[in-house]
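Fold and contact review
Residues per chain are reported as follows:
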Amino acid sequence: MIPVQWNPYLESESESAVSRLRDEQVDLAVMDCFGYSRKMRDFAAQSLGKPVILSRTMAARVLLEIV
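Residues numbered from 1 in each chain as written. Predicted model: local features only at pLDDT ≥ 70, side-chain atom pairs only at ≥ 80, totals over all residues. Heavy atoms only, no water.

**Some remarks on the overall build of the protein chain**
In terms of helices and strands, the protein chain carries three helices and two strands. Across the protein chain, helices and strands are ordered from the amino to the carboxyl terminus as α-β-α-β-α. Overall size of the protein chain, expressed as C-alpha extent along the three principal axes, is 40 × 25 × 20 Å. In the protein chain, the proportion of contacts linking residues at least 24 apart, taken out of those at least 6 apart, comes to 41%. (Helix = DSSP H or I, 4+ residues; strand = E, 2+ residues; numbered from the N terminus. Contact = heavy atoms within 4.5 Å.)

In structure tokens form, the structure reads like this:
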């Protein structure tokens, strides 16, 4: 696990955060704040070429399973 600081409310941090993840050659990224948008997820996924999971999407899918 490689934690990378990326404030979901500052798009200016997007490139540096993704660059760090790219440098670390991650296999998967998990964006663990509900403030991250789908646009940010898409940017990370496209930049990394790896799967990226949004925690709010994961939570919604789990809730759908129990409803």
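**Points about the nonpolar core**
Counting 14 residues, the largest nonpolar core has Trp6, Met31, Tyr36, Leu48 and Val52 as the members making the most contacts within it. Element by element, the count of residues in this core is highest for helix α2 (residues 38-48), at four residues. Apart from residues no more than four positions distant in its own chain, Leu48 is found in contact with Val18, Leu21, Arg22, Val26 and Ala29. (Core = buried A, V, L, I, M, F, W, Y, C linked by side-chain atoms within 4.5 Å. Buried < 20%, exposed > 50% of the residue type's maximum accessible area, 1.4 Å probe, protein only.)

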